[in-house]
Amino acid sequence: MIEIFTPREVDRARETGAIVGGILRDLRSRVQVGTNLLEIDEWTRELIADNGAASCYVDYAPSFGRGPFGHYICTAVNDAVLHGMPHDYRLADGDLLTLDLAVTKGGLAADAAISFVVGNRRPEGAAALIDATERALAAGIEVARAGNRVGDISRAIGNVLSGAGYSINTEFGGHSIGTVMHGDLHIPNTGRPGRGYILRPGLLIAIEPWVMEDTNVLVTDADGWTLRSSTGCLTAHTEHTIAITDGAAEILTLPR
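Everything in this summary refers to the structure shown in the same document.

1. A short note on the side chain of aspartate 100
And step 1. Summarising the element assignment, aspartate 100 is placed in strand β4 (residues 96–105).
And step 2. The buried charged residue aspartate 100 lacks any salt bridge partner; its closest oppositely charged side chain belongs to arginine 28, at an N-O distance of 14 Å.
And step 3. A polar contact of 3.2 Å, which involves the side chain of aspartate 100, links it to the side chain of tyrosine 57.
And step 4. Excluding residues within four positions of it along the chain, aspartate 100 makes contact with Tyr57, Ile73, Cys74, Asp111, Ala112, Ala113, His237 and Glu239.

2. Things to note about the packing of aromatic side chains
And step 1. Evaluation of the coordinates by the stated rule reveals six aromatic pairs.
And step 2. Pairing phenylalanine 64 with tryptophan 225 gives two aromatic rings, centres 6.0 Å apart and planes at 80°, and the pair type is edge-to-face. With phenylalanine 64 in the loop between β1 (54–55) and β2 (74–77) and tryptophan 225 in the loop between β10 (218–220) and β11 (227–229), the pair connects residues that are 161 residues apart, well separated along the chain.
And step 3. Residue tryptophan 225 is classed as buried on the basis of its relative accessible area, which comes to 3%.
And step 4. Linked through ring pairs, Tyr57, Tyr60, Phe64, Phe69, Phe172 and Trp225 together constitute an aromatic cluster.

3. Some details on the side chain of threonine 238
And step 1. Here threonine 238 is to be found in the loop between β12 (235–237) and β13 (240–243).
And step 2. By relative accessible area, which is 7% here, threonine 238 ends up buried.
And step 3. At 2.7 Å, the side chain of threonine 238 and the side chain of threonine 133 are in polar contact.
And step 4. Setting aside its immediate chain neighbours within four residues, threonine 238 contacts Ala113, Ile130, Thr133, Glu134, Leu137, Ile207, Glu208 and Pro209.

4. What to know about the environment of isoleucine 4
And step 1. Residue position: isoleucine 4 is located in the segment before α1 (7–30).
And step 2. Each C-alpha atom, one on isoleucine 4 and one on glycine 178, is 8.6 Å from the other, the two residues being 174 residues apart in sequence.
And step 3. If we skip the residues at most four places from it in the chain, isoleucine 4 touches Glu9, Tyr197, Arg200, Pro201, Gly202 and Leu203.

5. Observations concerning the packing of helix α3 (residues 126–142) against helix α4 (residues 150–163)
And step 1. α4 packs onto α3 with a crossing angle of 155° between their chain directions and a minimal axis gap of 8 Å. As the angle between them shows, α3 and α4 are arranged roughly antiparallel. For the pair α3 and α4, the sense of crossing is right-handed. The residues of α4 that touch α3, namely those facing Ala132, Thr133, Arg135, Ala136, Ala139 and Gly140, are Ile153, Ala156, Ile157, Val160 and Leu161.
And step 2. Residue classes in the contact of α3 with α4 are distributed as eight nonpolar, two polar and one charged.

6. Some remarks on the nonpolar core
And step 1. Ala144, Ile153, Ile205, Ile207 and Ile242 are the most contacted members of the largest nonpolar core, which has 31 residues in total.
And step 2. Those elements giving two or more residues to this core turn out to be α3, α4 and β8 (204–207).
And step 3. The residues contacting isoleucine 205, other than those within four sequence positions of it, are Ile153, His175, Ser176, Ile177, Leu185, Ile187, His240, Thr241, Ile242 and Ile244.
And step 4. Counting residues in hydrophobic clusters, the runner-up holds 23 residues, among them Val31, Leu37, Trp43 and Ala53.

7. Some points on the sheet that holds strand β7 (residues 186–187)
And step 1. Spatially, β7-β6-β8-β13-β14 is the arrangement adopted by the five strands of the open sheet, whose pairing is antiparallel. What marks the edges here is a single partner per strand, and that holds for β7 and β14 (250–251).
And step 2. Where strand β6 (residues 174–176) meets β8, two bridges bridge the pair, whose relative direction is antiparallel. The residue of β8 that forms the bridge with histidine 175 is alanine 206.

Conventions adopted
Residues numbered from 1 in each chain as written. Predicted model: local features only at pLDDT ≥ 70, side-chain atom pairs only at ≥ 80, totals over all residues. Heavy atoms only, no water. Helix = DSSP H or I, 4+ residues; strand = E, 2+ residues; numbered from the N terminus. Buried < 20%, exposed > 50% of the residue type's maximum accessible area, 1.4 Å probe, protein only. Lys, Arg positive; Asp, Glu negative; His and termini not counted. Salt bridge = Lys/Arg side-chain N within 4 Å of Asp/Glu carboxyl O. Polar contact = N/O pair within 3.5 Å; in protein donor to acceptor, adjacent residues only side chain to side chain. Contact = heavy atoms within 4.5 Å. Phe/Tyr/Trp six-rings, centres within 6.5 Å; stacked < 30°, edge-to-face > 60°. Axes fitted to C-alpha atoms, helices over the stretch in contact; angles between N-to-C directions. Parallel < 35°, antiparallel > 145°, perpendicular 65-115°, else oblique. Left-handed = near helix turned anticlockwise from the far one by under 90°. Nonpolar A, V, L, I, M, F, W, Y, C, P; charged D, E, K, R; others polar. Core = buried A, V, L, I, M, F, W, Y, C linked by side-chain atoms within 4.5 Å. Pairing = 2+ DSSP bridges.

What follows is the structure, encoded as structure tokens:
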């Protein structure tokens, strides 16, 4: 089912989105060299509770994962790009970290992700990867307007990523969101313009460009969840939840 929400319901989603954006901002300010991924997970648990929200991840058990996820945030480091399961690892100087968070409050979910380098060392290629995903996200949001189609978003994202020299995996991508975290609408990170579902005001979608430096092939880690680049190369992932309006799309997952 693809859900269309009323203005009052979008107001509720706006509150959830601000919580997600605020938590990610808080976590980024806390993370430093030596921070343990399990510490980040615990901070996230506390911040979700402080905001009166609930995790979308703890009990999440889709077909592509191994049982319930059991954690509050995805923490993907270096060659890990999606569904990174927190584990006993202390971040090193120069690690490229992605934090991906989804929560629900008032019956509506929001989802966002940020990628950044920890510490002072700057690995070759890391800044370009992050920049490409951020530019691709902005390009996708720009064309996410009523009357356009999902394929227009996909093409805008794909043009940026491929133009930056990266190959694109379409197994995982953006999605509709609302009363559930992952709605039926799939938004791949490349595609054909003018194709797919017509965007309508009240539609909530999560747009999430992600890339791997020198491959488009994923491998699943031994934990049954974490997805890594098949070559061990660096990766990056950026995401916002947006609302389709009568004009420009509204980004819901910005911190207040």
